[in-house]
Amino acid sequence: MTESGPALLSARDLHKRYGSTPALAGADFTISAGEVVAVMGPSGSGKSTLLHCLAGIVAPDSGRVAYRGRELSALSDAERSALRREEFGFVFQFGQLVPELTCQENVALPLRLAGVPRKTAEARAVEWLARLEVDEVAAKRPGQLSGGQGQRVAVARALVNDPRVLFADEPTGALDSLNGERVMRLLVDAARETGTGVVLVTHETRVAAYSDREVVVRDGRARDLAGAV
Ligand SMILES: Nc1ncnc2c1ncn2[C@@H]1O[C@H](COP(=O)(O)OP(=O)(O)OP(=O)(O)O)[C@@H](O)[C@H]1O
């Protein structure tokens, strides 16, 4: 590690099986504040499983995940949920917006769940929609958006409560390359401004090019190309 101090999030020797299928077989990972790390590798190699273990969504069979020095397995379910809600943000390939809510309400939702008053939450949502260059869709519902607009709204929602780690699993996988690049640029710029660490799962080298560092997962093992692990 560098002099920036202990890792924001780190994993050591993770193993995870689904029945007889080994999804992770000794994976290591580390990310510092403000860093964008691309997790690459072939289909089925264990990238999403690694992300889910890092985010405390899936418990590894063995190995440890530590967030700011605290082991996730030592936390209660309620503490892990609070961590995900308050410190982590998530962007997936599709389907994460609530269809019944407007885009502004979708982006305001994490703040409302954290107890922020409605007016403040809605004002911050509008700011984030503008930052992602989609303020014109504030009053629309997700079903009325293009794919690129929807992903930008999803990125705004993931970043609105100032998470320390953003987990993005193929965030541009459903977009054409031009829209994908715009979403990536906006996502990375916003994360760098706020010092958010980004765990970016992708199989596209063009998307990984936005990262500071690449980690390759093969057969459930993660290898850091910079040799930092
Ligand atoms: N919930 C599950 N139940 C059973 N098997 C699973 C489950 N999740 C993942 N697997 C298996 O674990 C292995 C790793 O899957 P994972 O989704 O982590 O890979 P990936 O690298 O993200 O793949 P892709 O790029 O195709 O999304 C695969 O063989 C997959 O079929």
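In this report, the structure presented in the accompanying data block is examined. Please read all numbers here as calculations on a predicted model, not as lab measurements.

What follows covers the overall build of the protein chain. Scanning the protein chain for helices and strands turns up 7 helices and 10 strands. Relative to the globule expectation of 17 Å for 229 residues, the C-alpha radius of gyration of the protein chain, 17 Å, shows essentially globular dimensions. Summarising its shape, the C-alpha atoms of the protein chain cover approximately 45 × 40 × 40 Å along the three principal directions. Buried positions account for 50% of the 229 residues belonging to the protein chain. At a minimum sequence separation of 6, the contacts of the protein chain that also span at least 24 residues come to 71%. Summing over all exposed atoms, the protein chain offers an accessible surface of approximately 10,800 Å²; the carbon and sulfur share of this is 48%. Of the side chains in the protein chain, 28 bear a positive and 29 a negative charge, and the two mean positions are spaced by 3 Å.

A few words now on the sheet that holds strand β4 (residues 62–67). One open sheet accounts for 4 strands, arranged β2-β1-β4-β5; its pairing is antiparallel. The two strands at the open ends of the sheet, each matched to only one other strand, are β2 (21–31) and β5 (70–71). Across 5 bridges, strand β1 (residues 9–18) lies against β4 in antiparallel orientation. Pairing of Arg12 across the sheet is with Arg64, part of β4.

Around the ligand sit Tyr18, Thr21, Ala23, Pro42, Ser43, Gly44, Ser45, Gly46, Lys47, Ser48 and Thr49, and those are all the residues in its vicinity. In the environment of the ligand, an oxygen atom lies 2.6 Å from a nitrogen or oxygen atom belonging to the side chain of Thr49. For the shell around the ligand, the elements supplying multiple residues, two or more each, are β2 and α1 (47–54). For the shell around the ligand, the element with the most residues is α1, which contributes 3 residues. Here the residues of the shell around the ligand are counted per class, giving 3 nonpolar, 7 polar and 1 charged.

Time to look at the sheet that holds strand β8 (residues 197–201). Read from one edge to the other, the open sheet built from 6 strands follows the order β6-β7-β8-β3-β9-β10, with strand pairing classed as mixed. A strand with exactly one partner marks an edge of an open sheet, and here the two such strands are β6 (88–91) and β10 (221–224). Each neighbouring strand pair of the sheet contributes to a mean axis angle of 20°, computed without reference to strand direction. Pairing geometry for strand β3 (residues 36–40) and β8, over 4 bridges, is parallel. Residue pairing in the sheet places Val37 in a bridge with Val199 of β8. Of the strands in this sheet, β3, β6, β7 (165–169), β8, β9 (213–218) and β10 touch α1, which is tilted by about 155° from β7.

Right, let's get into helix α6 (residues 177–194). Here α6 is 18 residues long and its end C-alpha atoms lie 26 Å apart, about the 26 Å a rise of 1.5 Å per residue gives. Among the residues making up α6, those that are buried are Gly180, Val183, Met184, Leu186, Leu187, Val188, Ala190 and Ala191. Gly195 sits one or two positions beyond α6 and adopts a positive phi of about 70°.

By the burial criterion, the buried members of helix α3 (residues 103–113) are Cys103, Asn106, Val107, Ala108, Pro110 and Leu111. Check the buried side of α3 and you find it contacts α4 (118–131) and α5 (147–159). Of the residues one or two after α3, Gly115 is the one with positive phi, at around 90°.

Criteria and thresholds
Residues numbered from 1 in each chain as written. Predicted model: local features only at pLDDT ≥ 70, side-chain atom pairs only at ≥ 80, totals over all residues. Heavy atoms only, no water. Helix = DSSP H or I, 4+ residues; strand = E, 2+ residues; numbered from the N terminus. Rg over C-alpha atoms; globule rule 2.2 N^0.38 Å. Buried < 20%, exposed > 50% of the residue type's maximum accessible area, 1.4 Å probe, protein only. Contact = heavy atoms within 4.5 Å. Areas by Shrake-Rupley, 256 points an atom, 1.4 Å probe, with all protein chains shown as cover. Lys, Arg positive; Asp, Glu negative; His and termini not counted. Charge placed at Lys NZ, Arg CZ, Asp CG, Glu CD. Pairing = 2+ DSSP bridges. Near = heavy atom within 4 Å. Polar contact = N/O pair within 3.5 Å; in protein donor to acceptor, adjacent residues only side chain to side chain. Nonpolar A, V, L, I, M, F, W, Y, C, P; charged D, E, K, R; others polar. Axes fitted to C-alpha atoms, helices over the stretch in contact; angles between N-to-C directions. Expected span 1.5 Å × (residues − 1).

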